[in-house]
Amino acid sequence: MSYFENVTKITYEGPKSTNPLSFKFYNPEEVVGNKTMEEHLRFAVAYWHTFTMDGSDPFGAGNMIRPWDRFSGMDLAKARVEAAFEFFEKLNVPFFCFHDVDIAPEGDNLRETFKNLDTIVDMIEDYMKTSKTKLLWNTANMFTHPRFVHGAATSSNADVFAYSAAKVKKGLEIAKRLGAQNYVFWGGREGYESLLNTDLKLEWDNLARFYRMAIDYAQEIGFDGQFLIEPKPKEPTKHQYDFDVATALSFLKTYDLDPYFKFNIEANHATLAGHTFEHELRVARIHGKLGSVDANQGDPLLGWDTDEFPTDLYATTLAMYEILKNDGLGKGGLNFDAKVRRTSFEPIDLFYAHIAGMDSFAIGLKTAQKLLDDKVLDQFIEKRYESYTHGIGLDIINGDADFKKLEAYALQLTEVTNPSNHLELIKSTINQYLLNIVHDR
Ligand code: XLS
Ligand code: CA
Ligand code: CA
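Criteria and cut-off values
Residues numbered from 1 in each chain as written. Chains lettered and ligands numbered in written order. Predicted model: local features only at pLDDT ≥ 70, side-chain atom pairs only at ≥ 80, totals over all residues. Heavy atoms only, no water. Helix = DSSP H or I, 4+ residues; strand = E, 2+ residues; numbered from the N terminus. Expected span 1.5 Å × (residues − 1). Core = buried A, V, L, I, M, F, W, Y, C linked by side-chain atoms within 4.5 Å. Buried < 20%, exposed > 50% of the residue type's maximum accessible area, 1.4 Å probe, protein only. Contact = heavy atoms within 4.5 Å. Donors = N, O, S within 2.8 Å, 3.2 Å for Na, K, Ca; no water. Pairing = 2+ DSSP bridges. Axes fitted to C-alpha atoms, helices over the stretch in contact; angles between N-to-C directions. Parallel < 35°, antiparallel > 145°, perpendicular 65-115°, else oblique. Nonpolar A, V, L, I, M, F, W, Y, C, P; charged D, E, K, R; others polar. Near = heavy atom within 4 Å. Polar contact = N/O pair within 3.5 Å; in protein donor to acceptor, adjacent residues only side chain to side chain. Salt bridge = Lys/Arg side-chain N within 4 Å of Asp/Glu carboxyl O.

### Notes on helix H3 (residues 73–91)
- When the terminal C-alpha atoms of H3 are compared, their 27 Å separation across 19 residues agrees well with the 27 Å that a helix rising 1.5 Å per residue should span.
- Two residues or fewer past H3, Asn92 is found with a positive phi of approximately 60°.

Here it is as structure tokens:
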């Protein structure tokens, strides 16, 4: 049984190929710097957008043509697993990610839901024995069902806190069984609509209690994957607690939880927070907290979480620059938390979209590696901060200056001169590198 009959394994054919079902730039075996492209990029397919999502939006019904949709209930869940592993193999992708509800339907009660999950996890485990595709991360969906209307770990209802704990407990058991590299916490409704009826302190304390219990349970069962928090400022709630990396890090430090977590950074969430993708990656990186990436892009004209496949080469270059500076993503990867547009509804579009994303990151990787090798940005930065390498600047850095010493120094200055920082030159240099990579010069 095949769900993508007309597609054979996607291979690298190079930039001149006119075959839409081939990689033009992503060549898994090609060595860039010290690793192959496959090792650097660690691509993952997001189960929800690729096998579960039906294209519905607040104004329109589902319209995606998905051959497995002729089934329903558990048969549909099983068909999706078959389709998924066929897709992974044809795309030659090393990882996938899922929420509990993506892989198995919820039953009439939690016990039944867990039973459904067990059946599908058995099936996935079987497929994984012969597939090269591994589990990058799994997570619990604690935002779709009406019971999560007030949140999960931050719900005003203690029963929901308990229910959520049971879901994450199960998720960690699944993660351990399937050898997940990471476990993700995205606080879908962990936030508020209004402060008028919110006990902010209690909700934060409860979130910390919840994380602590998750850490304890992971240790108890010997799950050694990396815990990741995925920040997002809003959507679905007006204000989400894990607003951005800086906010979530300060939360973790306040509750002494920071040693146990890194961040899963999504491009579209960064832009929703009013940041660039590279800003969030940089903030996480300089704190040693860059764990994994949800590789997508938003639409600046729309301004909501559109989860588009990443095709902006400038953005993929700057993202890969941060990742290379981080010495890679460790257990993390580049997960395409991205969906085809509603107008791209044929099954084949799933391949086109992933190929577009993978090629875009391959170009980003090669360009970033070259920028690093040639120390392009490092040189500009070194020069810009040169005043801190000697004299009064070095005294400041070394802790050999105080206000009195600095006043004495400032008083004897006849005038202060500033150099230009040549930003446009830097941008055109990046363009030059990008174009040279694309044209293989
Ligand atoms: C939604 C989030 C979600 C997380 C996993 O905006 O991106 O899909 O990645 O729950
Ligand atoms: Ca995401
Ligand atoms: Ca998103």
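### What about the nonpolar core?
- Of all hydrophobic cores here, the largest spans 128 residues; its most connected members are Leu91, Phe185, Phe227 and Leu334.
- In terms of residue count, helix H12 (residues 348–373) provides more of this core than any other element does, twelve residues in total.
- Ignoring any residue separated from it by four or fewer positions in sequence, one finds Leu334 in contact with Leu41, Arg42, Phe43, Ala44, Val293, Ala295, Met320, Ile323, Leu329 and Phe361.

### Focus on the coordination of the calcium ion (ligand 3)
- At the metal site, the calcium ion (ligand 3) is ligated by Glu266 (OE), Glu266 (OE), His269 (NE2), Asp305 (OD), Asp305 (OD) and Asp307 (OD), and these contacts range over 2.1 to 3.1 Å.
- The sequence pattern formed by the donor residues of the calcium ion (ligand 3) is E-x2-H-x35-D-x1-D.
- For the pair the calcium ion (ligand 3) and the calcium ion (ligand 2), the metal-to-metal distance amounts to 4.6 Å, and Glu266 bridges them. Taken together, the residues span a long stretch of sequence, with Glu266 in strand E10 (residues 261–266) and Asp307 in the loop between strand E11 (290–294) and helix H11 (313–325) at a distance of 41 residues.
- With relative accessibility at 1%, the residue Glu266 sits in the buried group.

### A short note on the sheet that holds strand E6 (residues 182–185)
- Overall, parallel pairing links the eight strands, which are arranged E3-E4-E5-E6-E8-E10-E11-E12 in a closed barrel. In this sheet, adjacent strand axes meet at a mean angle of 30° when their direction is disregarded.
- Relative to strand E12 (residues 334–336), strand E3 (residues 43–46) is paired through three bridges, and the arrangement is parallel. Of the residues in E12, the one forming a bridge with Phe43 is Leu334.

### Brief notes about the packing of H11 against helix H16 (residues 423–438)
- Two numbers describe how H11 lies on H16: the axes approach to 11 Å, and their chain directions differ by 95°. By the criterion of interaxial angle, the relationship of H11 to H16 is roughly perpendicular. Contact residues: H11 offers Leu313, Tyr314, Thr317 and Leu318, while H16 offers Lys427, Ile430, Asn431 and Leu434.
- Taken together, the residues of the contact of H11 with H16 break down into five nonpolar, two polar and one charged.

### Some details on the site of ligand 1
- All residues adjacent to ligand 1 are Trp48, His99, Trp137, Thr139, Trp186, Glu230, Lys232, Glu266, His269, Asp294, Asp305 and Asp337.
- Separating an oxygen atom of ligand 1 from a side-chain N or O atom of Asp294 is a distance of 3.1 Å.
- Separating an oxygen atom of ligand 1 from a side-chain N or O atom of Asp305 is a distance of 3.1 Å.
- The residue makeup of the shell around ligand 1, split by class, is three nonpolar, three polar and six charged.

### Quick look at the pattern of salt bridges
- Summed over all chains, the structure comprises 19 salt bridges.
- Close ionic contact of Arg147 with Glu106 constitutes a salt bridge, the shortest N to O distance being 3.5 Å. Of this pair, Arg147 sits in the loop between strand E5 (134–139) and helix H6 (158–178) while Glu106 sits in the loop between helix H4 (100–103) and helix H5 (110–130); the two residues are 41 residues apart in sequence, bridging distant segments of the chain.
- For Arg177, the salt bridge identified is with Glu125, shortest N-O distance 2.8 Å. In this pair, Arg177 is assigned in helix H6 and Glu125 in helix H5, connecting sequence segments 52 residues apart.
- What makes Glu125 partly exposed here is its relative accessible area of 27%.

Everything listed here is a matter of coordinates, which is why it stays silent on function.
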